[in-house]
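# Descriptive structure summary
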Amino acid sequence: DRALEEGLVVSSVSVERGGLGIAMARSAMAGMLGVNVDLALVPGGEALREGVILFSESQGRLLVSVAPANCTAFEELFTGMPCARIGRVTRDGAIVIRGCDGVPAVTSDVARGLESYRSTFSNF
């Protein structure tokens, strides 16, 4: 609540169906912005496979966007909790997710993803 009250959160999405990977895609499509993420920075991820990190539907997680100028203040509010800066928002419309080895595991285009999503559900 405090992060919201202090205006530190630009956007937030719960990590639920489809896990972190789908939450990132949904968030990117909502703003038509790109993301550049490093899975090695996900708390607890060092013991997991990349697919588990990306698509685990474990509860109680949020994907939050914070303006660069507010990152330190935001992180200080969550001292002692599993919270990490795992990437950044970009303006290039690309989704780039690097695996734990630093090699891109996912590279996609936000506009193409949105087109695919809309065409899949066009008859509903």
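Refer to the structure presented above.
Computed from a predicted model, the values in this text were never measured in an experiment.

Definitions and limits used
Residues numbered from 1 in each chain as written. Predicted model: local features only at pLDDT ≥ 70, side-chain atom pairs only at ≥ 80, totals over all residues. Heavy atoms only, no water. Helix = DSSP H or I, 4+ residues; strand = E, 2+ residues; numbered from the N terminus. Buried < 20%, exposed > 50% of the residue type's maximum accessible area, 1.4 Å probe, protein only. Contact = heavy atoms within 4.5 Å. Areas by Shrake-Rupley, 256 points an atom, 1.4 Å probe, with all protein chains shown as cover. Salt bridge = Lys/Arg side-chain N within 4 Å of Asp/Glu carboxyl O.

### Quick look at the overall build of the chain
Looking only at helices and strands, the chain features 5 helices and 6 strands. In the chain, the order of α-helices and β-strands from amino to carboxyl end is α-β-α-β-α-β-α-β-β-β-α. Its C-alpha atoms put the chain at 45 × 35 × 25 Å along the principal axes. Counting across all 124 residues of the chain, residues that qualify as buried make up 30%. Once local pairs closer than 6 in sequence are excluded, the contacts in the chain between residues at least 24 apart make up 74%. In the form shown here, the chain has an accessible surface area of approximately 8100 Å², with 54% of it arising from carbon and sulfur atoms.

### Some thoughts on the pattern of salt bridges
In a structure, side chains of opposite charge can pair up when their charged atoms sit close to one another. Under the counting rule described, the total for this entry stands at 3 salt bridges. Its salt-bridge partner being Glu6, residue Arg2 comes within 3.0 Å of it at the nearest N-O pair. Where Arg85 meets Glu75, a salt bridge forms, and the shortest distance between an N and an O atom there is 3.0 Å. With Arg85 in the loop between helix 4 (71-77) and strand 4 (87-90) and Glu75 in helix 4, this residue pair connects regions lying 10 residues apart in the sequence. For Arg85, a relative accessible area of 44% gives the class partly exposed. In this structure Glu75 comes out as partly exposed when scored by relative accessible area, which is 28%.

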